[in-house]
Each structure stands twice: as structure tokens, then as C-alpha cells.
Amino acid sequence: MGCMAHTGMNNRSGKSSISSVVFHKLPAAETLYMESTARIQKDSLNSFMEFQVWDFPGQIDIFNNPSYSFDLDAIFGEVGALIWVIDALDDYSDSLNRLNMTAMHLSRSYPHITIEVLVHKIDSLTDDYRSEILKDVELRTLDELSDMGYENMPISFHLTSIYDHSIFEAFSKVIQKLIPRLGQLEAMLTSLCRTCRFEKAYLFDVNTKIYIASDSTPEDTTSYVICSDYVDVIIDLTEVYGSWARSAEWRNRLEGEPFSQPLEEQVGCEWAESVMVLSDSQRPIMLREVDRFLALVAIMKEGSYDKMAQINMNVDVVVKGLTEFFEITRAGEKSRVGLQDMVVGPQN
Amino acid sequence: QLKKVKKQKVLLMGKSGSGKSSMRSIIFSNYVAKDTRRLGATIDIDLSHVKFLGNLTLNLWDCGGQEAFMENYLSQQRSHVFSNVGVLIYVFDIKSGEWERDLSTYVNIISALVQYSRDAQVFVLIHKMDLVARNHRETDFEAAVTAVKRKTAEACAIVRRLRLDTTTTDPSSSSSQTTLTSPHQQQQQQQPNSSSETTTTQELDIDVQYFATSIWDQSLYKAWASIIHDLVPNLPIIETQLASLGQAIDADEILLFERTSFLVVSKWTSQEGDNNPYGDRFERMSNILKAWKHTCSSFTGTPRNAEQFSDFEYRMGTSFSMFVTKFTTNTFILVCLPPGEARFNSAKLNVAAARPWFKYLDGPVVQPTGM
Ligand SMILES: Nc1nc2c(ncn2[C@@H]2O[C@H](COP(=O)(O)OP(=O)(O)OP(=O)(O)O)[C@@H](O)[C@H]2O)c(=O)[nH]1
Ligand SMILES: Nc1nc2c(ncn2[C@@H]2O[C@H](COP(=O)(O)OP(=O)(O)O)[C@@H](O)[C@H]2O)c(=O)[nH]1
Ligand SMILES: [Mg+2]
């Protein structure tokens, strides 16, 4: 049964590119110079939870391979999601057949695994054409599975490209399914939005720009884009002005007259904290670091800039709650992302 | 004394497809790099007037680079194009397949420029550096610069000879194109002349500044900030006042940006700030804030050239604080400070209070007779 295999012909669907762009910040244009994956690659991620990413080359059929014998339980037993990449610019019939076989196999042996289909490389396509392809892939997959007697499989479809935010948004949705007690996180953010009159709040994994939770208002790509770009701006500013050591004299002078206090006591917050006001509507956007990996980013209502002091107090409370949440979660589990067409998941 | 409004004629030249209109659109019209793929070839000359800081107007002549146009600039439109030029920006495409030909066109352009606007400043941009593999960028750039330097000298020699040989002939009717074909001959002629005519020779040497650029990174902002730097009126006064402000608020760095282009107009750095290892941070800040402006414009749906954000504050624990805010009508200011809540708040107040010192950035000095 073919699962990890993609198709022999259509190898270059973009798996390695996706992995490099999302997890290693490679600029999208530079994936053009990457070499094709010829073997299984495993990668550990420095992120808010422990992740492993596996990249399986398309031509290897791991369910049915005479020369390799894979320990399927070792791979799939711990995996939470299989990400299947389809090249939208190529003939994907073969890939769909393999996808279906894989789905059936997983459904029998590893029913806890969700399947995430990325209809990829859509950057050059018009909106109409994008939705047409998405519909085609969805219909053909679901019809065939249903013909074979598989209904209600945990399978989702996403339109993606490494040249815009869509790949990060799709990954966000995939990762969110794997977060234990996600509802609790969302509830914290929803309640923050209510008390502080925020329009939208996201919790970002800073290194990947994946958002691991948001409040319960409907998804909105434009809000995600501005918040995720805000994270980028802050990372860039931090690199230029915050990544080099100041001299001892500098510190001594600052801790002397007129403040006569250690710097630690002169600052209001030990973590990164930022706010910016949009000119058109006077809506502020704020960012607050939660820990080394996570940042809270929120779009606020018009005119809230004057109430920042009070808002920061509320944010502090939520940040404390989030920190506790993740201390518990981290102690409890490790997560593992495989990527074969990519596999993602928490380990039990 | 404060100077009033200054107009500068700026020529943008280089062969077709080298990236002139792309750069202009990014710097002055807030395009992002990706948008430039939609630009068509410029037909003849695309003239635009860019108001910079209120007291400087850049008359940008974006000269379409197709061969027929170039020939026309050098012949029929010669005096029209090359007279009263303040700045020539000449763009070379590093990946051009016809390097020799590009260089000989350059010689023609420089000769015409020197002939009509001897005091013009020249900036040569070796462009599309992103297309060169990272480890070759430096050597390829150096090689290109060496070649262009040689050609610049050649162009000067031609004009010099024209001056000496034919003071009576109308220079525009003498065919400079044909004399170009034998560089060796010209170099030989250059030697005897240089000893007898030292003053003329020196007058004719032009000073060229070279930059490696790409629209895909901050290098573009470095080049353009240098280009506008020398044109900004009253710069010494601005610099002095920025330094006083910096000392007064105990800042580590202050950058002053022009509001539309976000080019750095002036900057001040404290002694401690000088230890910052990121030598490219000024153009990086322009690039980051410009990209951010673009994101905001997509979000708010307001035009790209509109003002997008006002107060931007960032406090990075015990490491540093900074804010970016609208300063005068035509400028934004970035202030980087040591950490500390009280220091931050008082700096914000003081910067607001200092606005009037910089008022004249926004327009010509008010004359009793009016504008
Ligand atoms: N890779 C790369 N492409 C660039 C760069 N700058 C411009 N381009 C591309 O080059 C093409 C031509 O750019 P233009 O700005 O129209 O060229 P031009 O010099 O104005 O050409 P004419 O108007 O015909 O003289 C566009 O597709 C740009 O996207 C760069 O730095 N790197
Ligand atoms: N246009 C476009 N090209 C992409 C995208 N993602 C990847 N590619 C290109 O597809 C090619 C193959 O990608 P690669 O990651 O090596 O495929 P793999 O064999 O599945 O790992 C590379 O040249 C990438 O630059 C995308 O979203 N859009
Ligand atoms: Mg053009």
C-alpha cells in the first residue's frame, strides 16, 4: 500500500521547499536552487513544543517497498498528521490515486492520523482557477474514498504557495489540530479580546510564524497577514538593535544618577513589548512576547491607544496563564512532525 | 543661512530592462519588488517631479533605454537632455549579455554629460546583484567597477580632446560615436595633453560613486540615500540639531526618514551606538519600515503613498527601547534608546517638543514677500 510515496514521475511537488521555508526561514525564491530530496530526512525543530519533521522523497513507496523495510509503527504510531503535497501545476491523477490508497491504509491501521492535502504552487493561478482545482481534488478524493466505503475520513484540503502567507496559514491549521487542549487556549484569547476590546488575537510561534491559537472570531487572512508581518518587523529590529552586548560603562552610567536603579528595575516588562497605531482608523496593533518561542499579537479597536496601561495589565494576566498552560503541556508531551509528503503529530 | 527651495534635475539612464523604472517605483511610489514585474518598457522619457522634504524638488528623468531612444538622446535631444543636470544615475544590469556594448553606450552618455553639465554628480549602480551567486557578488562587482572606471576615463578623454582640438566646432555636431571605437588611440593622446593642459584635465575628471544594488534587498536604499544625501538643503543644520536632540534625550541612535521614500535623510549615533556591528542598519531600517508600510496599506485598504502608521513603540526588556513616529510634515523619526520606562517616556515628550526646531524641513523659509 503506498503511503509515503508520492509519485515516481512527479517528484518535485515542493515538500522540501515547504519545509525549508516554514521551518528554516529560507526565502522562497532560494528554493529554486535546492537539490531534490533523494532520501528520507529527519529534522528536529526548535519550537514551542518538540517537533520532528520528516521529509520523504516522492519516489519511495514505504508501504510496499522491496528494498527498504520500514518500521511503520515506529513512524506512524507517534504521528498525528500526514501532509500530502499535490503539485497544482502538474498532472496530479497519479498522486491522487496514491493519496487514496494511503488514506485507506491509514484509516485501517492508524485511524488517529489526520490527512492534510496541500494543493500546492498556486501562486501563478487566478482565484477562479484555484478554487476550481481545489474542488476537483476534493471531489475526486472524497468520491473515490466513498466508493470504497470510507466515509467521514479526517481529511482536509488547503491551497498553498511558499510565495505568500498561505503556506503558513495552512500549517497553522494543521498544527492547531495537534495541540492538546486547544479549546482552553482559544478560550483564554477570546476572553482577552472581550475584556480589552480586541478585534482579533493570535498566539504565534515566533520562529515559524505559525499561529497556534486565535480567539473564536472567524478566520481572517488579512488580519493574520498583518500580525505575522508584525512579528517579522520585531524580529528584524531585535536583531539590529538587540543582539549585541553593550559596554559595562554604558550600563553603569544608566544605573547611576538620576535613576540609581538596576536596569531590571527601570523597565516595566522583561519581555519584548510593542504597539503601533494604524493611521487610517487609529487602531493599534500590539505584540507581547510570552516566552522564548511564543508571542501574543492583537489588533485593537479604534482609540484604545490611550488605555494601553490598563490593557497591558490585562495582557500580563493572560500571558501568565499562557505560560502556565505551556509549562503543563510541555511536561506532559512531546510532539513530532513527520513530513512526507509530510507527517505531523504529537507523540503520546 | 537657510537656503530656499532647490530644484535638481536627475537623469536615470541605462539600457532597457536594467531596472531604472523599477527602482524609481519602489523608492518614490511605494511599489514592492514583486510589483515591478508588471512594468512595461519606458517610452522616451518619463518625467516626474518628486517633492522631497518640502524644500527640494527632484525632477526625475526616467529615460527609456531602448537603443533608438538612446541614440535620440545623444543626437537630436542632446542639449535638452544633458543640460543643467544635477545628478546622473547610470544603471548597469550585471547579468546583461552585452557588457561591451553597454559600456560603449555609457561612454557616449558620459561624454554628453560632461560636455553639457560638467558639475553633475554621477552614480553608477551595478544592478540585479541578487542574480549573482552570493560568493561571487564581491568579485563580480569589483570587476564591473574596474571596467566602468576605465570607460569613464575614456569618456573624459574624448571630451578633453574635443575641447582642445575643436574649440570652434559645435560639439553636438561632431560625431562622438565614431571616435569611440578606438580607445587605445585616445589613451595615447591623453598622455601628452595631460602634461600641457593640467588645469583643463583636472576640471574634466569626474567623480563617480559606485553601488551594488538589487530591488530584492536593502542595497537599493543605501544607494539612493547617498544620492539624495548631497542634495538635501540645510543638511549641516539638520545634523547639528539632531545631535543636540540625541544628547538631550540620551539616545543611542536617531534616524530621520523622508516620509514617502523612507530614505534616511540624516542620522546621529552615540558613542555606544557606534559599537553596533550592523553597518548596514540604516538601509535595513528603510527597507523594513517600507515593507511594513506596504503591509499596513494592504490591511487598511488605503493608498500606498498614504501615511500608514503613526506611533510605533518597541521595548525590548533590558536590552533597548525604540520608537518610530511622525516627526515633521515630511519626516518620520526613529529613536533608539537605552532601556527604562522613565527614559522612554521623557524621550517621547522631548522629541515632540523638538518638532518646531525642525519646522523648516517642511518648506522653504518663509519670505516676507511670500512664495
Ligand atoms: N532579479 C532582479 N530583477 C530586477 C531588478 N530590478 C528590476 N528587475 C526586473 O527587471 C525588469 C525590467 O525593469 P524596468 O524597471 O522596467 O527596466 P527599465 O530600466 O526601466 O527599462 P526601460 O524602461 O526599457 O529602459 C522588471 O521585470 C523588473 O522586475 C533586480 O534588482 N533584480
Ligand atoms: N511556483 C511555486 N514553486 C514552488 C512552490 N513550492 C516549491 N516550488 C518549487 O518546486 C520545485 C521543487 O521543490 P522541492 O521542494 O525540491 O520538491 P520535493 O521533491 O517535493 O521536495 C523547486 O524548484 C521549488 O522552487 C510554490 O509554492 N510555488
Ligand atoms: Mg523604464
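A quick note: this is a predicted structure, and the numbers were derived from the prediction, not measured.

Asks: I'm lost on helix α3 (residues 93–109) of chain A in this one. Help?
Replies: Quick reminder: α-helices carry 3.6 residues per turn. Residues three or four places apart thus point the same way. Along its 17 residues, α3 of chain A runs 25 Å from first to last C-alpha, staying within 8% of the 24 Å computed at 1.5 Å per residue. Buried within α3 of chain A we find Ser95, Leu96, Leu99, Asn100, Thr102, Ala103, Met104, His105 and Leu106 of chain A.

Asks: Help me out: how do you make sense of the nonpolar core in this one?
Replies: If you look at soluble globular proteins, the nonpolar side chains tend to sit buried side by side. Leu185, Phe198 and Leu203 of chain A together with Phe312 and Leu334 of chain B are the most contacted members of the largest nonpolar core, which has 90 residues in total. Broken down by element, this core gets its largest block of residues, ten residues, from helix α7 (residues 221–242) of chain A. Once residues lying within four places of it in the same chain are set aside, the contact partners of Leu203 of chain A are Leu185, Leu189, Ile210, Tyr211, Ile212, Ala213, Val290, Leu294, Ala295, Leu296, Leu322 and Phe326 of chain A. In terms of nonpolar packing, the next biggest core, distinct from the first, is built from 53 residues, Ile27, Ala223, Leu256 and Val351 of chain B among them.

Asks: Looking at this structure, how should I read the interface of chain B and chain A?
Replies: Interfaces are often described in size by the accessible area the parts lose on coming together. With 45 residues of chain B at the interface, the matching set in chain A holds 44 residues. Both sides together, the interface formed by chain B and chain A hides about 4100 Å², and carbon and sulfur atoms give 61% of it. The three residues of chain B that bury the most area against chain A are Glu272, Trp292 and Phe299 of chain B, which together make up 17% of that side's buried surface. At the surface where chain B touches chain A, the tally comes to three salt bridges. In this structure, the salt-bridge partner of Glu239 of chain A is Arg284 of chain B, at a minimum N-O distance of 3.0 Å. For the pair chain B and chain A, the interface holds 24 residue pairs in polar contact (both at pLDDT 80 or more). Of all the secondary structure elements, the ones that give two or more residues to the side of chain B that touches chain A are β7 (253–258), α11 (281–300), β9 (309–316), β10 (320–326), β11 (331–337) and α12 (341–354) of chain B. Looking at the side of chain B that touches chain A, the element that brings in the most residues is α11 of chain B, giving nine residues. Classifying every residue of the side of chain B that touches chain A by side-chain character gives 19 nonpolar, twelve polar and 14 charged. In this structure, strand β8 (residues 272–278) of chain A lies alongside β9 of chain B, joined through six bridges in antiparallel fashion. Following the sheet pairing, Val275 of chain A is matched in β9 of chain B by Glu313 of chain B.

Asks: Is there a simple way to think about the coordination of the magnesium ion (ligand 3) in this case?
Replies: Tetrahedral metal sites with four donors have an ideal angle of 109.5 degrees; octahedral sites with six donors have ideal angles of 90 or 180 degrees. Residues and elements named next belong to chain B. Looking at the metal site, the magnesium ion (ligand 3) is ligated by Ser21 (OG) and Thr42 (OG1), spaced 2.0 Å from it. Remark: Thr42 occurs in the loop between α1 (20–29) and β2 (45–52) and Ser21 occurs in helix α1; sequence separation between them is 21 residues. Neither residue differs from the other here; Ser21 and Thr42 are each classed as buried.

Asks: Just to check I follow, could you spell out α12 of chain B for this structure?
Replies: For α12 of chain B, which comprises 14 residues, the first-to-last C-alpha distance of 20 Å matches the rise-based estimate of 20 Å (1.5 Å per residue) to within 8%. Here α12 of chain B has its buried residues at Arg343, Phe344, Ala347, Lys348, Val351 and Ala354 of chain B. All buried residues of α12 of chain B fall inside an arc of 135° around its axis, so they share one side. Exposed residues lying more than 90 degrees from the buried face of α12 of chain B are Leu349 and Ala353 of chain B. Contacts from the buried residues of α12 of chain B go to α8 (248–255) and α9 (263–266) of chain A together with α10 (235–249), β9, β10 and β11 of chain B.

Asks: Explanation requested: the pairing of strand β4 (residues 87–93) of chain B in the structure shown.
Replies: In regular strands, side chains alternate between the two faces of the sheet. All names here are of chain B. Burial within β4 is extensive, with seven of its seven residues counted as buried. Burial along β4 is two-sided: Val87, Ile89, Val91 and Asp93 facing one way and Leu88, Tyr90 and Phe92 facing the other are all buried. The pairing of strand β1 (residues 6–14) with β4 spans five bridges and is parallel. Residue pairing across strands places Leu12 opposite Ile89, the latter belonging to β4. Where β4 lies against strand β5 (residues 121–127), seven bridges are found, and the strand directions are parallel. Following the sheet pairing, Val87 is matched in β5 by Gln121. Considered for its hand, the β-α-β crossover made up of β4, helix α4 (residues 99–116) and β5 is right-handed.

Asks: So what exactly am I meant to see when it comes to the pattern of salt bridges here?
Replies: It is possible for side chains of opposite charge to pair when their charged atoms get near one another. Residue and element names in this part refer to chain B. Evaluated as defined, the whole model comprises 30 salt bridges over all chains. Between Asp311 and Lys348 there is a salt bridge, with the nearest N and O atoms lying 2.8 Å from each other. Note that Asp311 is positioned in strand β9 and Lys348 in helix α12, a separation of 37 residues in sequence. Look at Lys348 and you get buried, because its relative accessible area is 18%. The network of salt bridges with shared partners includes Lys15, Glu67, Glu98, Arg101 and Asp102.

Asks: Looking at this model, I keep getting lost on the site of ligand 2. Mind explaining?
Replies: Residue and element names in this part refer to chain A. Not every one of the 16 residues close to ligand 2 is listed here, only the nearest: Arg12, Ser16, Ser17, Thr31 and Asp123. Side-chain polar atom of Ser17 to an oxygen atom of ligand 2: 2.5 Å apart, as the coordinates give it. Within the contact set of ligand 2, an oxygen atom lies 3.0 Å away from a side-chain nitrogen or oxygen of Lys121. With three residues, helix α1 (residues 15–24) is the largest single contributor of residues to the shell around ligand 2. For the shell around ligand 2, the class distribution of residues is three nonpolar, nine polar and four charged.

Asks: Would you take a moment to explain the sheet that holds β5 of chain B for this structure?
Replies: One key point about sheets: their strands pair by backbone hydrogen bonds, in either a parallel or an antiparallel sense. All names here are of chain B. Pairing is mixed across the open sheet formed by six strands, whose spatial order is β2-β3-β1-β4-β5-β6. The sheet is open, and its two borders are formed by β2 and β6 (208–212), each paired with just one other strand. Pairs of neighbouring strands in the sheet enclose a mean axial angle of 20°, with direction left out of account.

Asks: Looking at this structure, how should I read the environment of Asn108 of chain B?
Replies: Residues and elements named next belong to chain B. On the secondary structure map, Asn108 appears in helix α4. The exposure class of Asn108 is buried, given its relative accessible area of 9%. Note: C-alpha distance between Asn108 and Glu154 (46 residues apart in sequence) is 9.9 Å.

Asks: Is there a simple way to think about the confidence of the model for chain B in this case?
Replies: Any segment with low pLDDT has predicted coordinates that should not be analysed in fine detail. Residues and elements named next belong to chain B. Residues at a pLDDT of 70 or more form 85% of chain B, whose mean pLDDT is 86. Within the model, the stretch residues 168–202 combines pLDDT values under 50 with 31 contacts to residues more than four positions away or in other chains. Note on residues 366–371: pLDDT under 50 across the span, and two contacts to partners over four residues away in sequence or across chains.

Asks: So what exactly am I meant to see when it comes to unusual backbone geometry here?
Replies: Most peptide bonds adopt trans geometry, and most residues besides glycine take a negative phi value. All names here are of chain A. That bond from Glu257 to Pro258 is cis: its omega, -5°, falls within 30 degrees of zero. Assignment of secondary structure puts Pro258 in the loop between α8 and α9. For Asn152, which is not glycine, the phi torsion reads 50° and is therefore positive. Topologically, Asn152 is positioned in the loop between α4 (127–147) and β5 (155–160). For Asn152, a relative accessible area of 78% corresponds to the exposed category. In this structure, Arg181 is a non-glycine residue whose phi angle is positive, near 60°. Its location among the elements puts Arg181 in the loop between α5 (166–178) and α6 (182–196).

Definitions and cut-offs
Residues numbered from 1 in each chain as written. Chains lettered and ligands numbered in written order. Predicted model: local features only at pLDDT ≥ 70, side-chain atom pairs only at ≥ 80, totals over all residues. Heavy atoms only, no water. Helix = DSSP H or I, 4+ residues; strand = E, 2+ residues; numbered from the N terminus. Expected span 1.5 Å × (residues − 1). Buried < 20%, exposed > 50% of the residue type's maximum accessible area, 1.4 Å probe, protein only. Core = buried A, V, L, I, M, F, W, Y, C linked by side-chain atoms within 4.5 Å. Contact = heavy atoms within 4.5 Å. Buried area = accessible area lost by both parts, 1.4 Å probe. Salt bridge = Lys/Arg side-chain N within 4 Å of Asp/Glu carboxyl O. Polar contact = N/O pair within 3.5 Å; in protein donor to acceptor, adjacent residues only side chain to side chain. Nonpolar A, V, L, I, M, F, W, Y, C, P; charged D, E, K, R; others polar. Pairing = 2+ DSSP bridges. Donors = N, O, S within 2.8 Å, 3.2 Å for Na, K, Ca; no water. Arc of directions from axis to C-beta. Right-handed = clockwise from strand over helix to strand, strands pointing away. Near = heavy atom within 4 Å. Axes fitted to C-alpha atoms, helices over the stretch in contact; angles between N-to-C directions. pLDDT = per-residue confidence, 0-100.

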